[in-house]
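# Structural features, examined
These are the residues of each chain, in order.
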Amino acid sequence: MLQIYKTQGDRLVPVDGADLTSPHFADTARAPLWIDLLEPTAAEAATVENYIGIDIPAVADLEEIEPSSRLYAEEGAVFMTVTTVVGVQSGEPAKTPVAFILRNGHLVTVRYAEPRQFRTFLAQAQKGTGERYDTAEAIMLGLLEAQVNWLADLLELIGHDIDSMSHGVFQSKVKKVSRKTADLRSTMGEIGRQGDLLSLVRESLVSLSRLLTYHHTLSPRAKGDKAEKADKEARNRTRILVRDAQSLSEHASFLSTKLSFMLDATLGLINLEQNQIIKIFSVVAVIFVPPTLVASIYGMNFEGMPELGWSFGYPFALILMLVSAGLPLLYFKRRGWL
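Residues numbered from 1 in each chain as written. Predicted model: local features only at pLDDT ≥ 70, side-chain atom pairs only at ≥ 80, totals over all residues. Heavy atoms only, no water.

## As for the environment of Gln-246
Selection rule: The helix count covers DSSP runs of H or I at least four residues long, the strand count covers runs of E at least two residues long, and both are numbered beginning at the N terminus. Burial status follows relative accessibility: with a 1.4 Å probe on protein chains alone, a residue under 20% of its type maximum counts as buried, one over 50% as exposed, and anything between as partly exposed.
Within the secondary structure layout, Gln-246 lies in helix α8 (residues 225-298). Gln-246 sits in the partly exposed class, given a relative accessible area of 43%.

## What to know about unusual backbone geometry
Positive phi is not limited to glycine here, since Glu-39 has a value of about 45 degrees. Mapped onto the fold, Glu-39 is located in the loop between β3 (33-38) and α2 (42-52). Within the chain, Asn-104 stands out as a residue other than glycine whose phi angle is a positive 55 degrees.

## Quick notes on the pairing of β3
Test applied: The criterion for strand pairing is that DSSP finds at least two bridges linking the strands in question.
Burial analysis of β3 places six of its six residues in the buried class, the great majority of the element. For β3 and strand β7 (residues 106-111), the ladder comprises five bridges, and the chain directions are parallel. Paired with Asp-36 across the strands is Thr-109, a residue of β7.

## A word on the packing of aromatic side chains
Quick note on the threshold: Centres within 6.5 Å make a pair out of two Phe, Tyr or Trp rings, where for Trp the six-membered ring is used; the pair is then stacked when the planes are under 30 degrees apart, edge-to-face when over 60, and tilted otherwise.
By the definition in use, this model includes six aromatic pairs. Ring centres of Trp-34 and Phe-121 lie 6.0 Å apart, and the angle between their planes is 65 degrees; on these two criteria the pair is classed as edge-to-face. Taken as a pair, Trp-34 in strand β3 and Phe-121 in helix α5 (residues 116-127) lie far apart in primary sequence, 87 residues in all. Taking relative accessible area as the criterion, Phe-121 reaches 4% and is therefore assigned buried. Both rings, one in Tyr-72 and one in Phe-79, keep their centres 4.8 Å apart while their planes meet at 10 degrees; by these two values the pair is stacked. Residue classification places Tyr-72 among the partly exposed residues on the basis of a relative accessible area of 25%. Assessed through its relative accessible area of 4%, Phe-79 is described here as buried. Site record: aromatic cluster; members linked through ring pairs are Tyr-5, Trp-34, Phe-118 and Phe-121.

## Side note on the pattern of salt bridges
Note the cut-off: When a carboxyl oxygen of Asp or Glu lies within 4 Å of a side-chain nitrogen of Lys or Arg, that pair is called a salt bridge.
A full pass over the atoms with the stated rule returns five salt bridges. Across the pair Arg-237 and Glu-145 runs a salt bridge, and its minimum N-O distance is 3.1 Å. Taken as a pair, Arg-237 in helix α8 and Glu-145 in helix α6 (residues 136-170) lie far apart in primary sequence, 92 residues in all. Residue Asp-163 pairs with Lys-258 through a salt bridge whose shortest N-O separation is 2.6 Å. Remark: Lys-258 occurs in helix α8 and Asp-163 occurs in helix α6; sequence separation between them is 95 residues. The class of Lys-258 is partly exposed, set by a relative accessible area of 27%.

## As for the sheet that holds strand β6 (residues 94-103)
Note the following rule: Axis definition: a line fitted to C-alpha atoms, over the contacting stretch in the case of helices. Angles run 0 to 180 degrees between N-to-C directions. In this description, contact between two residues means that some pair of their heavy atoms is separated by no more than 4.5 Å.
Strand order in the open sheet formed by seven strands is β2-β1-β3-β7-β6-β5-β4, with mixed pairing between adjacent strands. In the strand order of this sheet, the two ends are held by β2 (11-14) and β4 (71-74), each with one partner. For this sheet, the mean inter-axis angle between neighbouring strands, taken without regard to orientation, is 25 degrees. Of the pairings in the sheet, the one linking β6 to β7 comprises six bridges and is antiparallel in character. Bridge pairing in β7 links Arg-103 to His-106. Sheet contacts for α2: β1 (2-8), β3, β6 and β7; angle to β3, the most-contacted strand, approximately 155 degrees.

Laid out in structure tokens, this is it:
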């Protein structure tokens, strides 16, 4: 899908029915344009390529992990790719690349998914937020700010979930061993899901920091009072975004450490529960050893056994077995083993 937006002060408005192939379009589109390609077809990509004068990278190119394939300048255009997170609301989070291309005062974005931050930015930009989108760079920085805010929300959500799991693990009042063990195993599954999401967020933050640093060092100084003012504002916004991305990366590292501690603690508690079960079986086995010995002795039925002819021999044997079982149980309780 191909969608074009142009700037009107502090708002972005869609350009309906725009024909990039028309020779008169370049004359009428003097304001900075944002050309958004969402899962573009070959025809849509070719149309934008002819208008901008560059090749649109394919999805395989966007997924390259080496920085030289994600951040580079070519034929007067700057290509920057960032990784973002999608599918969180559906419970199937995944990463997807988004390319930003700056050339001739226009911004081209290429994406093969619809991240939430794009919808949020568009909804705000079309209403007017007070931010001016005088340049394609300003539009890109607005999108990146939405990306940073979205990742911050994700980290906050992950932090709340980790706190809830911690409360459930360390302050659980479930006394039934089987139920508590099942709860701990469920917690381990949740820890794995949160760990996967946190890994995606950290990867997105790393790519975002690299993009912002590259853009900040690559952007040339503009000339002219108005251009210098806009350039200074863009550089200040970029520096703020770099600091925000770095602070979020540090917070993500803290959450990752906390999640690792939660995993170790959960495994330790499961081992304790299993050891408790084994201890119970061991105690039961020890308790029943003396009664078994007594029953074995009186089950031999030798003629010389005085208790065989005694009328109280049977109850005496039962009482002896109960006493021999109770004494170890009492001893274990006094030692604190039960």
